[in-house]
Amino acid sequence: MEGGVSPPELQEEPELILENGEPYRNPTEVKMSQIVLPCHANHCGELSAGQLLKWMDSTACLSAERHAGCSCITASVDDIHFEHTIGVGQVVNIKAKVNRAFTSSMEVGIVVSCEDLYSNRQWKVCHAFATFVARRTEAGKVQLKQIIPRTQEEQMEYSIAAERRRMRLIHAEIINDLLSSSSANTVSECMQFEDSFPAERTRVESVELVLPPHTNHQVSTFGGQIMAWMENVATISASRLCNAHPTLRSIDMFHFRGPSHIGDRLVLKAIVNNTFKKSMEVGVCAEAYQGGEPLRHINSAFMTFEVLDQDKKPRTLPRLRPEPVDGKRRFQEAIARKKVRLDRKYIISCKQSEVPLSVPWDPSNQMYLSYNNVSALKMLAARNHWVLTSEKNKVSLYTLEENHVLCFKVETHVSVAAEQVFQLLSDLRRRHEWDPHYKGCEVINHADEDDTIYRVVTPSISKGGKVQDFILLASRRRPCDSGDPYWIALRSVTLPGYLPTDDYNRGEVLCAGFSIKEEDFSLTKLCYYNQATPGVLPYISTDIAGLSSSFYSAFASCSAFLEENKDSLAPVPSAAPREPHWETDL
Ligand code: COA
Ligand code: ADP
């Protein structure tokens, strides 16, 4: 089975037929098809990324407005990774739909594919998630109507949209923290290379006057137009470094800090911040002014370019000699951003089953691992076709087999308020009170309020064998909206100070956890999920997540534990001393 975080693919979902016999079509879906003409292309005959960004933004904006029923503006566009270039004569197909509406903002999912009319082939170029905000009215902030997901894919996107939103709203803060902690050693090392390329030669400054064709019907500059202008100066800057045509590979998150209108002068500034072996980071800043007004910061973006040789392989780039002060700072920060980008690509764009369990936890990937953990569980939960395998004492066991992976779901109801269930189950140190497989459990890293890393010890899976240990990241989430469940997601991670030892068999958990949904004031639907590869199945009875042939009794104990403790909320776990005291737990 694919786990949660794979991007939307080109394959269509099986058609959903409505009661009236009509095939279902998402009411917010908007499609755009464009044939790439020479006027859209650069001198190499490839569609300019700026033009593509404009088309993507317009399609997404129309989808957002279709849902909102009013004018909307682009607030942000998440990181985009371009997988292919598109040539003149080919057709670009763009599909956008609203995944979820929050209060006044919406997440719009955009998929771009390229079609070759002569060979009838289609391939994916990129996908993106943009946030649009319904324009405030005189009455204040708009309250959007909710999206009701109908298909499995819509359900997944709806559920994970809340995760992506969380990530984008803390993104700037996390990146700033990382940048401020990055060290300055490499700059001085680089200054020693005589053949390094002076950064000032890549500096570009360009001005644009915002005219009516650049704006929407509300006279605000289109977000896509600003992105296109930014991409244009970034491309010039990158070309100056390599004296060749650079190819845009990825763009970090765009955030539109403030609006721009007809008559604004937009000043766009770009410079190469750093070069890596085969790629470079170009930073761009967009500011606006009218008349004698001070400059308004509209947007800043970081773009990664490659330079391809005749075989379409990335060329080695010269080292960069940064300018003093700001240049050195940006040089250093570009290194930190590269690490973040790699983590992000590795963790987020991989299918869940392809993310190696050995991903080390560190501050730069904390946000992505937490996202991956919860999203994978949400995707598992949103799967259709769970088969009821057995039922006893109102505890139901479901299974799901997809692509050689077997998944389990145990469902029950408890007469305890959802918030209390969440609090009690969030603290894995209390799990031994109802789950006989949790022989020992300690907190080894309390990363933040939502993410805690535990070391858990379980009995041996074979008689006389070694006991097992697990390093588990537990990520928890409260509901984003009233209809949402609480989530507690579990997955294995590695921590440098906690490598496997000879005394324990190191076990691994791919995706497991709970969803906790309030049915009414004191009745809660509790679901436990676990995804296991066939190799693990024989051992499932001792699996860390406690799913075993005796799951009825485990869940009966769980219910009893919740009932008994419902009035004593579990404290939020705090970091334990570095050395574990297993005797007390075992
Ligand atoms: N990414 C995604 N959504 C964001 C965001 C970001 N970086 N920053 C704010 N938002 C969302 C908020 O979560 C909120 O959503 P909600 O109502 O569903 O909870 C919504 O934007 C409004 O937030 P609010 O706090 O009321 O306003 P704000 O002062 O943060 O302003 C914008 C947010 C987007 C309206 C404002 O920054 C803006 O006008 N930007 C320019 C937009 C524009 O003109 N774009 C076109 C190109 S210039
Ligand atoms: P920061 O300086 O922290 O990177 P800014 O928002 O000021 O953030 O700028 C974003 C990027 O735009 C910079 O990293 C740099 O690459 C580019 N940039 C900013 N100012 C200039 C400038 N005066 N000339 C050329 N490029 C600039």
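Structure shown above.
Fair warning: this is a prediction, and the values are worked out from it, not measured in the lab. (Residues numbered from 1 in each chain as written. Chains lettered and ligands numbered in written order. Predicted model: local features only at pLDDT ≥ 70, side-chain atom pairs only at ≥ 80, totals over all residues. Heavy atoms only, no water.)

Draft legend 1. Fine view of the site of ligand 1. The full set close to ligand 1 counts 24 residues, and Thr74, Thr103, Ser104, Ser105 and Arg165 are the nearest of them. Ser104 places a side-chain nitrogen or oxygen 2.6 Å from an oxygen atom of ligand 1. Here an oxygen atom of ligand 1 and a backbone polar atom of Arg257 are 3.3 Å apart. Considering ligand 1 on its own, with 920 Å² of exposed area, one finds that the protein chains cover 76% of that surface. Contributions of two or more residues to the shell around ligand 1 are made by strand E2 (72-77), strand E6 (121-134), helix H2 (152-180) and helix H4 (223-242). In terms of residues, the shell around ligand 1 owes the most to one element, E2, which gives 4 residues. Considered class by class, the residues forming the shell around ligand 1 number 8 nonpolar, 11 polar and 5 charged. (Near = heavy atom within 4 Å. Polar contact = N/O pair within 3.5 Å; in protein donor to acceptor, adjacent residues only side chain to side chain. Areas by Shrake-Rupley, 256 points an atom, 1.4 Å probe, with all protein chains shown as cover. Helix = DSSP H or I, 4+ residues; strand = E, 2+ residues; numbered from the N terminus. Nonpolar A, V, L, I, M, F, W, Y, C, P; charged D, E, K, R; others polar.)

Draft legend 2. Quick look at the site of ligand 2. In the vicinity of ligand 2 lie 13 residues, with Arg203, Asn273, Ser300, Arg329 and Arg330 positioned nearest. Separating an oxygen atom of ligand 2 from a side-chain N or O atom of Ser300 is a distance of 2.5 Å. Residue Arg330 places a side-chain N or O atom 2.8 Å away from an oxygen atom belonging to ligand 2. Relative to its free-state accessible area of 520 Å², ligand 2 is covered by the protein chains to the extent of 79%.

Draft legend 3. Just a nonpolar patch on the surface, in detail. Judged by side-chain polarity, Ile35, Leu37, Leu117 and Tyr118 come together as a nonpolar surface patch covering roughly 460 Å² of accessible area. Mapped onto the elements of the fold, Ile35 is located in strand E1 (residues 30-35). (Patch = residues over 30% accessible without salt bridge, like charges linked within 9 Å, V, L, I, M, F, W, Y side chains within 5 Å. Salt bridge = Lys/Arg side-chain N within 4 Å of Asp/Glu carboxyl O.)

Draft legend 4. Structural detail: the packing of aromatic side chains. For the coordinates displayed, the defined rule picks out 7 aromatic pairs. Among the aromatic residues, ring-to-ring pairing joins Trp434, Phe514, Tyr528 and Phe555 into one connected group. Its end group placed over the ring of Phe129, Arg164 keeps NZ or CZ at 3.7 Å from the ring centre. Here Arg337 stacks its cationic end above the ring of Phe302, 3.7 Å away from the centre of that ring. (Phe/Tyr/Trp six-rings, centres within 6.5 Å; stacked < 30°, edge-to-face > 60°. Lys NZ or Arg CZ within 6 Å of the ring centre and 35° of its normal.)

Draft legend 5. Local environment of the sheet that holds strand E3 (residues 80-81). If you trace the 6 strands from one edge of the open sheet to the other, you get E3-E9-E13-E12-E11-E8, paired in antiparallel fashion. Each edge of the open sheet is held by one strand with a lone partner, namely E3 and strand E8 (204-209). The pairing of strand E9 (residues 247-251) with strand E13 (residues 296-306) spans 4 bridges and is classified as antiparallel. Along E13, the bridge assignment pairs Ser250 with Thr304. Of the strands in this sheet, E3, E9, strand E11 (265-275), strand E12 (280-289) and E13 touch helix H5 (residues 326-348), which is tilted by about 80 degrees from E11. (Pairing = 2+ DSSP bridges. Contact = heavy atoms within 4.5 Å. Axes fitted to C-alpha atoms, helices over the stretch in contact; angles between N-to-C directions.)

Draft legend 6. A look at the environment of Val416. Within the fold, Val416 resides in the loop between strand E17 (405-414) and helix H7 (418-426). Residue classification places Val416 among the buried positions, given a relative accessible area of 1%. Through-space distance from the C-alpha of Val416 to that of Asp567 is 9.4 Å; in sequence the pair is 151 residues apart. Among all residues touching Val416, those that are not within four sequence positions of it are Val421, Ser522, Leu523, Thr524, Leu562, Glu563 and Lys566. (Buried < 20%, exposed > 50% of the residue type's maximum accessible area, 1.4 Å probe, protein only.)

Draft legend 7. Layout of helix H1 (residues 49-68). Over its 20 residues, H1 extends 28 Å from the first C-alpha to the last, a length consistent with the 28 Å expected when each residue adds 1.5 Å. The buried fraction of H1 amounts to 16 of the 20 residues, a majority that puts the element mostly inside the structure. The first or second residue beyond H1 is Gly69, which carries a positive phi of 70 degrees. (Expected span 1.5 Å × (residues − 1).)

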